[in-house]
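Fold and contact review
The chain contents come next:
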Amino acid sequence: MSSQAPQTPQDKTTATPSGHARRGFLAGAGAIAAAGLALLAPVWSGLRVVFDPLRRAASDPALVPVARLAAIPADGVPRKFRVTADRVDAWNTQQDMPVGAVYLRRTEDSLQAFNVICPHAGCFVNLAPDRSRFVCPCHKSSFDLEGAVDDPASPSPRDMDTLDVEIRDGDQVWVRFQNFLPGRADKTPVA
Amino acid sequence: MKSLLGWLDHRTGYRDLLRKALVESIPGGAKWRYVWGSALTFAIAVQFVTGVILWAAYSPNAQGAWESVYYIENVMAGGWMLRGIHHYMAHATMILLVLHLMQVVVAGAYKAPREVNFWFGIALLHVVLGLSLTGYLLPWDQKGYWATKVATSIASITPVVGPAMQKVLVGGADYGHLTLTRFFALHAGILPGALIALIAGHVYLFRRHGVTAVQPRETGHATQPEGAEEDGQDGPAAHPPRPRDGWFWPDQALRDAVACLAVMAAVLYLVIRTGGAPLGGPADAAEPYAAARPEWYFMFLFQWLKYFPAGTEVIGAIVIPGLVVTLIALMPFAGRWRLGHRFNLGLTGGVLSGVALLTWLAYAQDRADPDFVFAQTNAEAEAERAVELAGAGGGIPASGALALLRSDPLTQGPRLFAERCASCHTYDGHDGMGRPLTEPQTAAELKRFASREWLEGLLDPERVATPEYFGSTDFARGRMVRMVQSRVAGFTHEQQEDLAKVIKAVSAQAALPYQAEADEADQAEILEGTALISSASVGCTECHEFQDVVEQPLGPTLTGFGSEEWLTAFIRDASHPRFYGDRNDRMPAFGPEEILTEEEIRLLVAWLREDWYRSGDEEGRPQ
């Protein structure tokens, strides 16, 4: 770069150091740019893999058969049923896997389905031993048999999550099984 | 040898490095109270070594994680001890870390110029908590699975980024393979990497500043090591220790080593006393786990969350803990003033006693909660059963241990009974799971149904009318009860002897596995009894069909009574003409109405007949 040898003291004190600084700056910037470029592909592809789950939507919740109507006495006491469904878990497709459970509650004129998962922090809600209400064994959220929060001190931000329920062929109970984000007042499906 | 080491030193300078590492002067001499840092480093080193070896046998996937941990724990030589050490050393690490931080605060060692090192310590605490949280899930047992669900749920309530954060962490919408691979990468890669970096920085800064020798209360002036520091960093060897000072090697090293030994001894004591780290039953998304609790050092947070009613979880789970950690991180600045230091001491004491109180409350409430105690007892039984089944038949099928539990009568029978039968029937006086019935029993007690003892009670005039047999059904006032109460009560001695033989003969029809020996031994009596069933003396076949002999079929057939085939058909449809026909009272047609699946009926029948795999059975696991 400096093809002319410096001749005077001024040259030494002014031109050369500033030229040196500029060259140093360029070299430094170049080093950073080159290293950045070299890292671009691994960092980019790495981040894409880390965040890949965000691109996968949960499969649309389909109705799945859960029980026969006859298995749910019409006494207003919820009964627990496991939900099994075909499920894709990353690289595996699995038939008839347990994916969760529901409470089905039947009265003379209604049929309700609740996801067993507590809307507070995701534990498995129990039916109280006297079958008068739902109680979560973790942080003591409690709900009445219709799934509504029944205690102002209950930490659950919303009622138990109801699920779409349908009766097909006269007595086959189908439920649209899905999970919802816990810890919020609104019922947002896990997507 | 000496020349070889000399050559090595020339190429690497290891002697200088060693000297720098070991020849550190310790102002005021070696002290027992300086051992905490070394003991902590030792504990973490043990975690690295045991962790990497566990890694070599662990498989992070939803159908292999529990199974591989089972294999480490129950099959591999020394596995239980290795896993136990890793488990309890994690507890020790947590305790040592908190003690170390407490000591730093009490000694005022967070003050200038050691602020950065204090922050390193706080960061270390978080990394260790993260290691514990991620490690808890890896065995993929019910406890880890459900407890971690709470943790990731809490992550999801973080404002704005929560749901996305949870999804990235969990690897999708649901727990599965990717949850394990991600947690494992965190547990064995990212967090240990961060740990090494933080420890390296921490030790570097510690060496730069030296130990905090003098209690801050006594000092208005600079502490000794700070003075030494002003002299530069050219190695302590250049400064011979003052008369009261000591060297790290060997004075302090001896004390440190003894402390490490004590930590290891305590851990080993726990490992041996408890038989190693616990392993629950395999994770099951469809099976409740009411005993889901985090590791003990998270219990205060668990308890804390109970006090935040709807809508305030974010404050309890994120805002307040965040504020507390921020306050702790700001301690070095507050500590510049005497009052500030007192405040810091108060804060530390307050936080620690709050944590202790919440932890105590959490355990006290659980102990006093019969539902929790019940859930825990069940969980332990299930864990034991899972191990028993996994050990049968030479290995776990590729579908995983959960499939074994799902097809195990001993596991599923009580659940099915409690859910589907215990609204009317009892089993040994309870609902199958060990809880009392919510309503009075209205139908028969079924523990050891069709066994000799069961039949003896049925044919006992004193007992036949109790709820144990016909409950409150029509049959409680029916012909069988009247027959036993009138006719059997008046039996002559010979008739009673005949009846005893008939009981043995009818019970032998069931071919009950637990009665096989007695049936074998009493073959002659059973043969006689079989002939007597249709005799006029006892008169069973007046109402019950037996081997095609019957006068007027009113009650269930005695051919094959209580056998697998009989019981299956009976549960399917008690209204079948073989059994009660249209005289059936209330017993649903579980088969035709599909209230129970064929598999569920099979499980119930096998459970009632106590026909399940027992370790030591030669034929192995029934499929």
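Residues numbered from 1 in each chain as written. Chains lettered and ligands numbered in written order. Predicted model: local features only at pLDDT ≥ 70, side-chain atom pairs only at ≥ 80, totals over all residues. Heavy atoms only, no water.

1. Topic: the overall build of chain A
A tally of regular secondary structure across chain A gives one helix and nine strands. The order of α-helices and β-strands along chain A, N terminus first, is α-β-β-β-β-β-β-β-β-β. Expected size for 191 residues packed as a compact globule is a radius of gyration near 16 Å; at 32 Å, chain A overshoots this value by more than 25%. A principal-axis box enclosing the C-alpha atoms of chain A has dimensions of 105 × 40 × 20 Å. By sequence separation, contacts in chain A at least 24 residues apart represent 46% of the contacts at least 6 residues apart. Just so you have it, chain A exposes about 10400 Å², and 58% of that area is on carbon and sulfur atoms. Distance from the positive charge centre (21 side chains) to the negative charge centre (21 side chains) of chain A: 11 Å. (Helix = DSSP H or I, 4+ residues; strand = E, 2+ residues; numbered from the N terminus. Rg over C-alpha atoms; globule rule 2.2 N^0.38 Å. Contact = heavy atoms within 4.5 Å. Areas by Shrake-Rupley, 256 points an atom, 1.4 Å probe, with all protein chains shown as cover. Lys, Arg positive; Asp, Glu negative; His and termini not counted. Charge placed at Lys NZ, Arg CZ, Asp CG, Glu CD.)

2. Observations concerning the pairing of strand β4 (residues 110-115) of chain A
Residues and elements named next belong to chain A. The element β4 is extensively covered by neighbouring structure, given that five of its six residues are classed as buried. As paired elements, strand β3 (residues 92-107) and β4 share six bridges and run antiparallel to each other. Its bridge partner lying in β4, V102 is registered against N115. Where β3 folds back onto β4 in an antiparallel hairpin, the turn is made up of two residues. (Buried < 20%, exposed > 50% of the residue type's maximum accessible area, 1.4 Å probe, protein only. Pairing = 2+ DSSP bridges.)

3. Looking at the domain arrangement of chain B
Under the domain assignment, chain B is made up of domain 1 (25-211 + 240-283) and domain 2 (409-608). Once you take the C-alpha centre of each, domain 1 of chain B and domain 2 of chain B turn out to be 58 Å apart. (Domains from an automatic or database assignment.)

4. Digging into the interface of chain B and chain A
Counting residues at the interface gives 51 residues for chain B, matched by 55 residues for chain A. In total, chain B and chain A occlude about 4300 Å² of area from one another, counting both sides; carbon and sulfur atoms represent 54% of this. The largest share of the area that chain B buries against chain A comes from K167, H177 and R406 of chain B, three residues that together contribute 13% of it. Between the two partners, chain B and chain A, sit five salt bridges. (Buried area = accessible area lost by both parts, 1.4 Å probe. Salt bridge = Lys/Arg side-chain N within 4 Å of Asp/Glu carboxyl O.)

5. Comments concerning the packing of helix α5 (residues 79-106) of chain B against helix α11 (residues 248-274) of chain B
Residue and element names in this part refer to chain B. One way to put it is that α5 packs onto α11 with a least axis distance of 9 Å and a crossing angle of 130°. The pairing of α5 with α11 is recorded here as oblique in orientation. Crossing of α5 against α11: the hand is right-handed. Contacts between α5 and α11 involve W80, M81, G84, I85, Y88, M89, A92 and L96 from the former and V263, M264, V267, L268, L270, V271, I272 and T274 from the latter. In the contact of α5 with α11, the residues fall into 14 nonpolar, two polar and no charged. (Axes fitted to C-alpha atoms, helices over the stretch in contact; angles between N-to-C directions. Parallel < 35°, antiparallel > 145°, perpendicular 65-115°, else oblique. Left-handed = near helix turned anticlockwise from the far one by under 90°. Nonpolar A, V, L, I, M, F, W, Y, C, P; charged D, E, K, R; others polar.)

6. Digging into the nonpolar core
V66, V102 and L104 of chain A together with F470 and F561 of chain B are the most contacted members of the largest nonpolar core, which has 75 residues in total. The element that contributes the greatest number of residues to this core is helix α26 (residues 598-608) of chain B, accounting for six residues. Filtering out sequence-adjacent residues up to four positions away, V66 of chain A remains in contact with F81, R82, V83, V102, L104, V173 and V175 of chain A. Ranked by size, the runner-up nonpolar core spans 53 residues in total, among them V116 and F143 of chain A together with L137 and M299 of chain B. (Core = buried A, V, L, I, M, F, W, Y, C linked by side-chain atoms within 4.5 Å.)

7. Side note on the sheet that holds β3 of chain A
Residues and elements named next belong to chain A. Spatially, three strands are ordered β2-β3-β4 in an open sheet, and the strand pairing comes out antiparallel. At either margin of the open sheet sits one strand with a lone partner, and together these are β2 (79-89) and β4. Taking the axes of each pair of neighbouring strands and ignoring which way they run, one obtains an average angle of 35° across the sheet.

8. Describing helix α16 (residues 370-390) of chain B
All names here are of chain B. Compared with the 30 Å implied by 1.5 Å per residue over 21 residues, the 30 Å span of α16 between its first and last C-alpha is a close match. When we look at burial in α16, the residues that qualify are F372, A375, A379, E382, A383, R385, A386, L389 and A390. Each buried residue of α16 sits inside an arc of 170° when the element is viewed along its axis, so together they form one side. Across α16 from its buried face, at more than 90 degrees, point the exposed residues P370, E380 and E384. The inward-facing, buried residues of α16 contact α4 (65-74), α7 (142-156), α15 (338-367), α17 (401-406) and α18 (409-421). (Expected span 1.5 Å × (residues − 1). Arc of directions from axis to C-beta.)

9. Concerning unusual backbone geometry
Residue and element names in this part refer to chain B. Backbone geometry places A511, a non-glycine residue, at a positive phi of 50°. Along the polypeptide, A511 turns up in the loop between α22 (493-509) and α23 (516-521). One non-glycine residue, D548, adopts positive backbone phi at about 70°. Structurally, D548 is set in the loop between α24 (523-532) and α25 (564-572). Judged by relative accessible area, which is 71%, D548 ranks as exposed.

10. Some words on the domain arrangement of chain A
On domain assignment, one finds that chain A holds domain 1 (9-53) and domain 2 (63-176). On a C-alpha basis, the centroid separation for the pair domain 1 of chain A and domain 2 of chain A is 59 Å.

11. Things to note about the environment of Q509 of chain B
Residues and elements named next belong to chain B. Mapped onto the fold, Q509 is located in helix α22. For the pair Q509 and W66, spaced 443 residues apart in sequence, the C-alpha separation works out to 41 Å. If near-sequence neighbours (up to four positions away) are discounted, Q509 is found in contact with F546, Q547, L558, T559, G560, F561 and S563.

12. Considering the side chain of R114 of chain B
All names here are of chain B. The residue R114 is located in the loop between α5 and α6 (115-137) in this model. For R114, a relative accessible area of 6% puts it in the buried group. Within the structure, the side chain of R114 is placed 3.0 Å from the backbone oxygen of H209, a separation counted as a polar contact. (Polar contact = N/O pair within 3.5 Å; in protein donor to acceptor, adjacent residues only side chain to side chain.)

13. Overview of α25 of chain B
For an α-helix, the turn length of 3.6 residues means that residues three or four places apart are oriented alike. Taken together, the buried positions of α25 of chain B are W566, L567, T568, A569, F570 and I571 of chain B. On the buried face of α25 of chain B, the contacting elements are α26 of chain B.

14. Quick look at the environment of E439 of chain B
Within the secondary structure layout, E439 of chain B lies in the loop between α18 and α19 (452-458). Overall, the relative accessible area of 43% leaves E439 of chain B in the partly exposed class.

15. Examining the pairing of β3 of chain A
Residue and element names in this part refer to chain A. Here β2 pairs with β3 via 10 bridges, running antiparallel. Following the sheet pairing, T84 is matched in β3 by P98. Hairpin connection between β2 and β3: a loop of two residues separates the two successive antiparallel strands, and A90 in this loop has a positive phi of roughly 50°.

16. Some words on the packing of α6 of chain B against helix α9 (residues 177-209) of chain B
Residues and elements named next belong to chain B. Between α6 and α9, whose axes approach to 9 Å, the crossing angle comes to 160°. Here α9 runs roughly antiparallel to α6, going by the angle between their axes. Between α6 and α9 the crossing geometry is left-handed. The residue inventory of the contact of α6 with α9, partitioned by class, reads 20 nonpolar, nine polar and no charged.

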